[in-house]
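Summary of structural features
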Amino acid sequence: LNKIECKNYNEEYYLSEVVKKGETGYKIKIWVSVAPAKFWKFEVFTNENKTTTILTTGSGNLCDYWNTMELIGEGMIGVVSVICPLE
């Protein structure tokens, strides 16, 4: 992951892209917001079915969510509904 210097704790910072090649490969882009806690955003592209899924998390560490992002990238977990915040 890229090293970042957080100048504004309310901003979202792009960290890196992880690529696994092959038929069941994926590309996962990672962002983090660091205040008041670490919130994560993932953009997961799945090679097998050519879909992109964007997921955001509550507070936690990257390792809390990473296995799930890999399973989505490999097509082992699918997202079938999305709950959007009310405006």
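Higher on the page you've got the structure.
Okay, so let's go over this structure. The shown structure was predicted, so the numbers you read here are calculated from the model rather than taken from an experiment. (Residues numbered from 1 in each chain as written. Predicted model: local features only at pLDDT ≥ 70, side-chain atom pairs only at ≥ 80, totals over all residues. Heavy atoms only, no water.)

Taken together, the side chains of Leu71, Met76 and Ile77 make up a nonpolar region of the molecular surface, amounting to roughly 270 Å² of accessible area. Looking at the element boundaries, isoleucine 77 is found in the segment after helix 1 (62–73). Judged by its relative accessible area of 34%, isoleucine 77 is partly exposed. (Patch = residues over 30% accessible without salt bridge, like charges linked within 9 Å, V, L, I, M, F, W, Y side chains within 5 Å. Areas by Shrake-Rupley, 256 points an atom, 1.4 Å probe, with all protein chains shown as cover. Salt bridge = Lys/Arg side-chain N within 4 Å of Asp/Glu carboxyl O. Helix = DSSP H or I, 4+ residues; strand = E, 2+ residues; numbered from the N terminus. Buried < 20%, exposed > 50% of the residue type's maximum accessible area, 1.4 Å probe, protein only.)

With that settled, the discussion passes to the side chain of threonine 46. When you line up the elements, threonine 46 lands in strand 3 (residues 39–46). Classification of threonine 46 by relative accessible area gives buried; the value is 3%.

Per the stated rule, a full pass over the model turns up three salt bridges. Note that lysine 20 is salt-bridged to glutamate 74, the shortest N-O span being 3.1 Å. Here glutamate 74 lies in the segment after helix 1 and lysine 20 lies in strand 1 (residues 12–20), a separation of 54 residues in the sequence. On the basis of relative accessible area, glutamate 74 is assigned to the partly exposed category, the value being 23%. Across the pair lysine 29 and glutamate 43 runs a salt bridge, and its minimum N-O distance is 3.9 Å. Of this pair, lysine 29 sits in strand 2 (residues 26–33) while glutamate 43 is found in strand 3, placing the two residues 14 residues apart along the sequence.

With that out of the way, let us pick up the sheet that holds strand 3. Where strands meet in a sheet, backbone hydrogen bonds hold them as pairs that are either parallel or antiparallel. The strand order 1-2-3-4 describes an open sheet built from four strands, whose pairing is antiparallel. For this open sheet the edge positions go to strand 1 and strand 4 (51–59), each flanked by a neighbour on one side alone. With direction set aside, neighbouring strand axes in the sheet form an average angle of 15 degrees. Contacts from helix 1 reach strand 1, strand 2, strand 3 and strand 4, with the element oriented near 15 degrees to strand 3. (Pairing = 2+ DSSP bridges. Axes fitted to C-alpha atoms, helices over the stretch in contact; angles between N-to-C directions. Contact = heavy atoms within 4.5 Å.)

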